[in-house]
Structures are given as C-alpha cells and as structure tokens.
Amino acid sequence: MSPPCHTSALLLVFMALAVAGAEQSEERSCDVIGDESSESQMERALLKKLEPLSHMRFNVTVEKGKTENYIYHFRVCREVNSTSHDYGGLVQTDRQNGKTTVIGRINETQVFNGSDWIMLIYKGGDSYGRHCSGEKRRAVIMISCKRGVTASSFSIISEEREKEQECFYLFEMDSSVACPAENSHLSVGSILLITFVSLIAVYIIGGFLYQRLIVGAKGMEQIPHFAFWQDLGNLVADGCDFVCRSKPRNAPAAYRGVGDDQLGEESEERDDHLLPM
C-alpha cells in the first residue's frame, strides 16, 4: 500500500472512532412510548420543561428490617449509569449484595401534568420474580410544585406489589419546574395606582427643579405651589366648619358666657345707683 493510501486509511479509522466516541458520550434522553410522530405537543413541552433537572442525580435509602436495604438512584430523562447502556432512569441497588435492578427505563416514558404537578412514569423495568405475575417493573415519580426550589425532597412513598398486575413504585419530589407560570398582568387598580404615583413624582421633581433653576427660589419656596399647600390645612378646616356646623355662624349663643364684654356691661349696671338723682 502506497504511503498516501495508508495515511487516508488511518484518517478514516480515526474519524470513525471519534464519531463512535461522540455517540457513546452523548447521554440518551427520555423517549415517550410510541412512534416519534405520535408524541403530542404537550408531551414535548413537558419534557422540555423537565430539562433543567436532567443534570441532577437523586438518591434515597430505604431500610426495612434486615432483609431489605436498598438505595434508589434516579435521574430525570437521563440514564443513571450511561456506561451500561440499559436505559435505566431509576435503578435499585441492594446494599447487602450490590445487585442492581432497573425499576424503569427512559426509553419507555410517559409524562403528563396537572395545574401544579408533573407525573413522570418510567416503564419497562426488570421483571418481578414471584410478585405481580412476573410483569416488568415501573416507576411513577410525582413532581410537585415548590417555588424557589430547583429540586428537593426526593423520597419513595410506597411499592405496590401485592396485586396481580399493574404494580409500581411510587416516588415524589418537589421542584419549581412543576409550578404554573405566574400571572404577571396588572389589575386596573394597580395600573391606576402606579399612574397616580408616577404623576405625583413628576409633579414634585419637575416643580422643584423649575422653582430652583428657573424661578431661583430658596428653602421651602422651592416646593411647587408652596402657598397653596401651606393654606390647604386652613381651607380644609374651613370646609369642614361650613359643612359640619348645624347653625348659622352669626347666631347668638344660647347661654351667657363670662367674657370681658359681659363683665363690663354688668359693672356698668352696678354703678347706676351711684348717679345723682
């Protein structure tokens, strides 16, 4: 083989190895049950919504006496162990003997949601032994809304394996990805309040600058319409006096007071007997 042909063959081998390595290093994601063309827009949207959790790993330990001691490993739409290529999205490990059991696989995924939760189901797990008629295991993960938390509180609720069919493992966790979008629309009252406050701010700042820079006012005179605001209290008091009083302002008093004018009149009356006849 000539040197140019030998070099070309080596390049082709290296390229094939690079492509194979890239394919192996790329993690597989959830594949909804059925043909790709049958996936609904809702399912695609939910899988995209769960994407921020795909880089996280979740573990929970369960110990039931001396016979059952397990660790459950879970990833959202990713393989727990990508090197094994078993599509295991939720895997059980026996702490006593190290045996692993795939509870559910990401290539058999179902996903749906409610107002504040997302249900993720992995089917196609390893077959039961003597339980559930030997059917394949499946994992049900309830993701509940909790704002401000990316993901937390992953735990197992129960394992339903006393039935003949449709057995499952039930898990739950909290995450903000399951929360509905917050309604950012402002009410009419909020819009009016914001408008009113903005107008007041423009009036005060603009009037202050005008009084200071154009008119040349100093001190309290820089407040726009200072004289009006200064008299506002008196105007309000006069208005209340006019509205709230129930008799004319110039009506005589219903009783005799002890004012100076009344005292003066009484003293004059008392001096009348001193005048000559």
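Residues numbered from 1 in each chain as written. Predicted model: local features only at pLDDT ≥ 70, side-chain atom pairs only at ≥ 80, totals over all residues. Heavy atoms only, no water.

## Let's talk about the pattern of salt bridges
Within the structure shown, the criterion is met by eight salt bridges. Between E51 and R78 there is a salt bridge; the shortest N-O distance is 2.8 Å. Of this pair, E51 sits in the loop between α2 (41-49) and β1 (57-64) while R78 is found in the loop between β2 (68-75) and β3 (88-94), placing the two residues 27 residues apart along the sequence. Using a relative accessible area of 37% as the deciding quantity, one classes E51 as partly exposed. Given the relative accessible area of 12%, R78 is considered buried. Note that E68 is salt-bridged to R161, the shortest N-O span being 3.1 Å. (Salt bridge = Lys/Arg side-chain N within 4 Å of Asp/Glu carboxyl O. Helix = DSSP H or I, 4+ residues; strand = E, 2+ residues; numbered from the N terminus. Buried < 20%, exposed > 50% of the residue type's maximum accessible area, 1.4 Å probe, protein only.)

## Some points on the state of the cysteines
Per the counting criterion, the structure on display carries three disulfides. Two residues, C30 and C77, share a disulfide whose sulfurs are 2.1 Å apart. Classification of the bridge connecting C30 and C77 rests on its S-S torsion, roughly -100°, and on that basis the disulfide is left-handed. Of this pair, C30 sits in the loop between α1 (3-25) and α2 while C77 sits in the loop between β2 and β3, and the two are 47 residues apart along the sequence. Here the two residues C30 and C77 agree in accessibility, since each one is buried. The disulfide bridge from C145 ends at C179, spanning 2.0 Å between sulfur atoms. Disulfide C145-C179: torsion about the S-S bond near 95°, hence right-handed. (Disulfide = S-S within 2.5 Å.)

## Quick notes on unusual backbone geometry
A positive phi angle is found at Y87, which is not glycine, with a value near 65°. When you line up the elements, Y87 lands in the loop between β2 and β3. What makes Y87 partly exposed here is its relative accessible area of 29%. Here the phi dihedral of E166 falls at roughly 55°; this positive angle occurs in a residue that is not glycine. Along the chain, the position of E166 falls in the loop between β7 (152-160) and β8 (168-175).

## A short note on the UniProt feature "transmembrane region" (unreviewed entry) in the protein chain
Taken from the UniProt record, the annotation "transmembrane region" (unreviewed entry) applies to residues 186-210. This span, residues 186-210, is 92% helix and 0% strand, and a straight line between its end C-alpha atoms measures 33 Å. (UniProt positions renumbered as here; feature names shortened; annotations may be inferred.)

## Digging into the pairing of strand β5 (residues 117-124)
Counted residue by residue, β5 has six buried out of eight residues, so it is predominantly covered. When strand β4 (residues 100-113) meets β5, the two strands line up antiparallel, connected through seven bridges. Across the sheet, residue N113 finds its bridge partner in β5, namely I118. Judged from the six bridges that link them, β5 and strand β6 (residues 139-145) form a sheet pairing that is antiparallel. Opposite I118, over in β6, you have I143 as the bridge partner. (Pairing = 2+ DSSP bridges.)

## Topic: helix α3 (residues 188-215)
An α-helix turns once every 3.6 residues. As a result, residues three or four positions apart point the same way. Taking 1.5 Å of rise per residue, the 28 residues of α3 would be expected to cover 40 Å, and the 38 Å separating its terminal C-alpha atoms lies within 8% of that figure. Backbone geometry just downstream of α3 places G216 in the positive-phi region, at approximately 80°. (Expected span 1.5 Å × (residues − 1).)

## Considering the nonpolar core
As a rule of thumb, soluble globular proteins bury nonpolar side chains together. One finds L50, Y72, F74, L90, Y122, I141 and F171 to be the most contacted residues of the largest nonpolar core, which totals 34 residues. Looking at this core, the elements that each hand over two or more residues are α2, β1, β2, β4, β5, β6 and β8. Not counting chain neighbours up to four residues away, the residues in contact with Y72 comprise F58, N59, V60, V62, L90, V91, Q92, I103, F154, I156, Y169 and F171. (Core = buried A, V, L, I, M, F, W, Y, C linked by side-chain atoms within 4.5 Å. Contact = heavy atoms within 4.5 Å.)

## Focus on the pairing of β8
Where burial is concerned, the two faces of β8 differ: the one with Y169, F171, M173 and S175 is buried and the one with F168, L170, E172 and D174 is not. Examined bridge by bridge, β6 and β8 share seven bridges and lie parallel to one another. Bridged to C145 within β8 is S175. Where β7 and β8 come together, six bridges link them in antiparallel fashion. Each residue of the ladder has a partner; that of I156, found in β8, is F171.

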